[in-house]
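This is what each chain is made of:
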Amino acid sequence: MFVRAYEGQCAAEEKRHTSAEKPAVNPRLALFALALGTFAIGTGEFGSNGIIQLFAADLDVSIPVATYAITTYAFGVVIGSPLITLLAARVNRRTLLLGLVVLFLVGNGLSALAPNVVLLVVFRFVAGSVQGAFFGAGAVVAAYVYGPGKGGKAFATVMGGLTVATIAGSPVGTFIGQHAGWRVMYWTVVAVGLLAGVALVAWLPRTDDLHGSPVRSELNGLRRINVWLMVAVASLGISSIFAVYTFIGPFVTDAARRDAALIPVALAVFGLGMAVGNHLGGRVADRYKHRGLIWGYGGVLALLVLIGVAGGDLLVLLPCLFGVGATMMFAIPTIQVRLTGFAPDAPTLMGALNLAALNLANSLGAIGGAVTLEAGWGTLSTVWAGFVFTSAGLLLYVVTVAWPKRHRPARRGPVLDDEQFRRLAGYGEEEHVGAGRNLYTSGDDSYDFFLLRTATVDIVRDATAIEPERLIYRGGPGDFLGELNLLTGQQVYLTARVTSAGTVVRIGATRLRRALAEQDDIAGLLLAAFQERREVFRAAAGGALEIVGRPDSAETLELRRYVTQMLLSHTWRSATSPPGRSLMTSAGLTEADLPAAIANGSVVRRATPRTVAQTLGLTYRDGGGPVDLVVVGAGPAGLAAAVYGASEGLVTVLLDRSGLGGQAAKSARIENYLGFPDGVSGVNLTRLAMVQALKFGVRIHSPCVVRGLDLSDERRPVVVLEEGVRVECRAVIAATGARYRRLDIPGWAVFERSGCIRYAATEPDVRGYEGRPVTVVGGANSAGQAALSLVARGATVDLVVRGHDLAARMSSYLTDRIRAHSRIRVHTGSTVSELAGDGTLTSVVVERPGERPERLASRALFCFVGADPVSGWLTGVAKAEDGFVLTDVGLPAGSALPYQTSAPRVFAVGDLRSGSTKRVATAVGDGASAVSSVHAALAGD
C-alpha cells in the first residue's frame, strides 16, 4: 500500500536485465502510467473511508455495518491478491498489469451499481484483490524500465501515485461523494482507472524479458518463523492507523462538531503526514534495523492517547492526524527491510506478505473501532482499539524479534573439562587483564588464543554505518576465545573486550599448533568448536565482509565461490535487492563498481578473489622460517599432499591461484567416494580437507599465482610468485591439475561474461534455474552430476554428449538415474553449434550428423568438455606433447621415485600428471603417496 513498503518486489526481475538491451521506451511515461494506476487504486481505497456515512444512509444500514462492508476491500488484498499473484506467476508482467486494470474497472464499476450492502461487500472484495498483484507486477516492470541498480528509486516513483492519492485523490473523491453521491465517486475512480489502462497500453514496454518467474524459491521464505512474526507485528501495530483514518469523518463531524466540508481537509492533512513519514522512515530503515519501527510505534501510541483525551478540539485533532500518519509511515519501511532481511531470496513474496499484513491491519483497525462504537463508548473510542493493537505489536516485536537478535549471545558450544583446561594452559602464559581492555580488535592482522581463568570477555561486532555495536558471544571462566581464523590467517573481524577483570592464559599461534598436534582430544574439541563458531559468527557478524554484486555475473559467481571455499565469514547482498541497494548507497558504489566487497570498513571496487584476499591478509606472507615443502594447487591431490606432509613433520605451504578444491569443488555430488555412502559435495569434501590441513599447521595462501620455478640449485627449488616473491623450499609438489576447455562457438565470451556459461554445478551456480530449461555439455561424471543437481533444483536439462554411448565415460550409477529421469533429455552423438540471445542466453542449436539441427530453449549452458593441463609454470620440467607432466617411469631415463619429475625435488600428482586416472580418489592417493617420495628425496640432507 505504501511507498517503499514493497521495494523487494523489484529484485527478482531486475537481476534478469543487467545486460540485455531493452526495447525503446520512455522511462518517464512508463513510470507515470504505473503511478497513475496506483493513484486510481489508492483513491478508490481511501476515498471510501470518507463517505461511510453516505453508504450507511443510502443502503439503510448502521455506520458499523457500512464500515464492515468497506473493509472487505482489505480482505480482497489479503486473500485475493496473493492468489492472483501465484496463479499468474508465469504471465508476462505487462499482460498481467493490463488484465488487472480490467478487473479493477469491473470491481469498482459494479460497486457503483451495487443495490444492497451484500453485493457491495462482494464487489469491494473483487476490487481489493487487484491491489497486491498490481503493485507486485508494477514493481518488476519499474525495475526493468529504470535499469539495474535503480529499482528502489523507480519503485518509489511509481508508489508515489499512492501518496498523491492520500493527499489529493482521497479528499477529492470524498468531496465528489458528498456532493454528487458515493456512486459517482466510484464512477470517477473507474474513469481514472480507464485512463491508467490506456497509458499502460501505450507506454509500457512490449518485451519477453518481462515474463514471469517460478515461485518455488519465494515460497521457501514461508518456512522462517521470523517472517511470520514480522507479519504479526505489522498486522497488529499498523492497525491503529486505520482505527483513526477510517473514522476521520465522524471525528470531524461528531467529536469536533465541525461541518462535513472539513473532512477532505482532515484527510489531506493525514495524507501529508504519511508522505513526510515515508520519506523520513525510508532513510531511518536504511540506517537502523530496529529503531524506525520502535520510534514509529511509540510515537503513534503517544498521539493516540492525545486524540482520545483531547481530540474533540479541532486544533488538537488536525496536528494529531498529521502525526499519526507520519509516525506510522515512519515505521513501515523498517518492516519491509526486516522482512527482506529474514528472507532475502524471497523478495516478491515478502512484498506480498507486507501488503497483506498492511491490509489485514486495515481490517483489524476498522473492525476494532467499529466494535467500540457499537459498544457506545463514544466517537473517539476507536483510538483505544488502535492503542491496544499497536501496543501488542510493539511488545511482540521487542520480545521475539528485536531484543533476542541484539542482546542474546551465541550459545557456548563445545567446552574443555578441567583436566583439558589445565593441560592446554601449560602451553601458554598467564596474565591479568582489566575491565575495558581489548584482547584483540577488528582489523588486526592476527590474534592469540585465550583461555579464560577468571575473566569474562564479550565478543562484539563493531558498529557500522547502518548498525550499532552488537554482542556476538560472551565467554566466562573456564571458556576459551578463538575461531577458525586463528588457523586460516584471515584478518580479525570481531573485537574481544574484557567486561570483568581477571586472569587469562595467552597461547600464541606456534604453541597452539603444537598443542593441536600433541593433544588429540583437545585438538578434536577445539576444531569442532572453531567450525561451529565460524558458522554462528558467519550468520551473526557477516557484515565484517560484505559482498554485493549482480547475482548472475560470472565475476560475482567466482568471488562467491572463493569466499565459500575459503570458509570466510561473509554476507552476500544481491545488487537488485533492497539490502544490496542500501549497501551500495552507504558505500558510494555504482553499477560499474560491481562486484564489490566491504571488509572492515575498506571498500574494494570491482572485487576479485585476489583483491579481497589482499584486503583480508590471505595472500602470501613470509612465515619467517624455513619451508620444507611447497604444494602448488589445492585440489584433492594438493590438499592430500599438504595434509600428509604437515602431519609427518614437514613445514608445509599450500598455494592456489583461485581457491580450494580444484575441479572437485565444482562437483555437485560425488557418490562413489569411499566413506561417504550418501555421497558428498565437492564443497563439503574440500572444507573437511581444509580443516585437516589447518589442524596440522599447513599455511594456506589463496589466491596466489605461481609464475615459475627456479631450479638453479636442484637441492633448493624456488617457487616464483607472480609479484616476483621467491619462496625457497626443499621440495615442491605440483598439483595444479587441469582447466576446463571452452567451446569454439561465436558469442561464447559474451555469454560467459553475462554468467550464462558456467563450468561448475555448485549451489550458487544452480540456484535460480528452477522451472527453466538449461543445457549441460559433456559425457563424463562431472556433466552427469551437474545434470542431476540441476533437475533436483527443478530445472529441465538437455544433456549434450559428443560420443554415441552415454556410458562410455560416465559411471553407471549416474547413467541409470539420468536415463530414468523425466526432465533430462540426452542427445548423444551431438554438438552445440550456436548460442542465441541478446546478452542473456535464450536458446542453443544442437547438431547431429545426418539430422536436421534442433533449437533448444536454454537459459544457461553448463560446460564439462575435457581439460587442458595447468603446467605452464613448471619451467625446466619435462612434459608430454599434450602438456601433461611426465613422472617416474614415464620419463625417458626413468626415475627412482614415484611421482618424481625430471627435476629431482619436484613431484607431480593428480590430473596434472601424464597418464593419471581422472578420479578424486586417485588424486588423493597421488598426493598422499608423493609425500613418501619427498621424504626419500630429502633423506640425504
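Scroll up for the structure.
Source: prediction; values computed, not measured.

Pairs can form between side chains of opposite charge whenever their charged atoms are close. By the definition in use, this model includes 26 salt bridges. Across the pair Arg 848 and Glu 851 runs a salt bridge, and its minimum N-O distance is 4.0 Å. Here the salt bridges do not stand alone but share partners, grouping Glu 431, Arg 437, Asp 448 and Arg 506 into one network.

Taken together, the side chains of Val 102, Val 106, Leu 110, Leu 113 and Trp 187 define a hydrophobic patch exposed on the protein surface, amounting to about 440 Å² of accessible area. Overall, the relative accessible area of 38% leaves Val 106 in the partly exposed class.

Moving on to the sheet that holds strand E5 (residues 470–475). Overall, antiparallel pairing links the four strands, which are arranged E2-E7-E4-E5 in an open sheet. At either end of the open sheet lies a strand with only one pairing partner, and these are strand E2 (438–440) and E5. Across this sheet, the average inter-strand angle for adjacent strands is 30°, counted without regard to direction. Strand direction decides the pairing type here: strand E4 (residues 456–461) and E5, joined by five bridges, are antiparallel. Its bridge partner lying in E5, Val 457 is registered against Gly 475.

Closest axis-to-axis distance for the helix H25 (residues 636–647)/helix H31 (residues 920–938) pair is 7 Å, and the angle between their directions is 35°. In this structure, H25 meets H31 at a crossing whose hand is right-handed. Across from Pro 636, Ala 637, Ala 640, Ala 641, Tyr 644 and Gly 645 in H25, the residues of H31 making contact are Val 920, Ala 923, Val 924, Gly 927, Ala 928 and Val 931.

Let's shift gears to the environment of Arg 506. Structurally, Arg 506 is set in strand E8 (residues 502–507). Spatially, the C-alpha atom of Arg 506 lies 6.5 Å from that of Asp 448, the residues being 58 residues apart in sequence. Looking at Arg 506, its side chain comes within polar contact range of the side chain of Asp 448, at 2.9 Å.

When you tally the buried positions in helix H12 (residues 248–255), you get seven out of eight residues, the bulk of the element. Within the span of H12, buried status applies to Ile 248, Gly 249, Pro 250, Phe 251, Val 252, Thr 253 and Ala 255. Taken from the residues just after H12, Arg 257 is the one with a positive phi, measuring 55°.

Strand order in the open sheet made by the three strands is E16-E17-E18, with antiparallel pairing throughout. Each edge of the open sheet carries a strand with a single partner, namely strand E16 (706–710) and strand E18 (726–728). Averaged over all neighbouring strand pairs, the angle between strand axes comes to 25°, with direction disregarded. With three bridges connecting them, strand E17 (residues 718–721) and E18 associate as antiparallel partners. Bridged to Val 718 within E18 is Glu 728.

This next bit is on unusual backbone geometry. For residues that are not glycine, phi is negative in most cases, and the peptide bond is trans in most cases. Each neighbour pair has its own omega, and for Leu 594 with Pro 595 the value is -10°, a cis peptide bond. Turning to its location among the elements, Pro 595 is positioned in the loop between helix H23 (578–587) and strand E11 (596–599). Here the amide bond leading from Ser 702 into Pro 703 is cis, since omega sits at -5°, within 30 degrees of zero. With respect to the helices, strands and loops of the structure, Pro 703 is situated in the loop between strand E15 (699–701) and E16. Here the phi dihedral of Arg 606 falls at roughly 45°; this positive angle occurs in a residue that is not glycine. Looking at where Arg 606 falls in the secondary structure, it is placed in the loop between strand E12 (602–604) and helix H24 (609–616).

Moving on: the pairing of strand E13 (residues 629–632). The alternating pattern of E13 places Leu 629 and Val 631 on one face and Val 630 and Val 632 on the opposite face, and all of these are buried. Where E13 lies against strand E14 (residues 652–655), four bridges are found, and the strand directions are parallel. The partner of Val 632 across the bridge, within E14, is Leu 655. For the handedness criterion, the β-α-β arrangement of E13, H25 and E14 is classed as right-handed. Here E13 runs beside strand E19 (residues 731–734); their pairing, made up of four bridges, is parallel. Looking across to E19, one finds that Val 630 is bridged to Val 732.

Thresholds, definitions, all that
Residues numbered from 1 in each chain as written. Predicted model: local features only at pLDDT ≥ 70, side-chain atom pairs only at ≥ 80, totals over all residues. Heavy atoms only, no water. Salt bridge = Lys/Arg side-chain N within 4 Å of Asp/Glu carboxyl O. Patch = residues over 30% accessible without salt bridge, like charges linked within 9 Å, V, L, I, M, F, W, Y side chains within 5 Å. Areas by Shrake-Rupley, 256 points an atom, 1.4 Å probe, with all protein chains shown as cover. Buried < 20%, exposed > 50% of the residue type's maximum accessible area, 1.4 Å probe, protein only. Pairing = 2+ DSSP bridges. Helix = DSSP H or I, 4+ residues; strand = E, 2+ residues; numbered from the N terminus. Axes fitted to C-alpha atoms, helices over the stretch in contact; angles between N-to-C directions. Left-handed = near helix turned anticlockwise from the far one by under 90°. Contact = heavy atoms within 4.5 Å. Polar contact = N/O pair within 3.5 Å; in protein donor to acceptor, adjacent residues only side chain to side chain. Right-handed = clockwise from strand over helix to strand, strands pointing away.

Take it as geometry only, folks, not as evidence of what the structure does.
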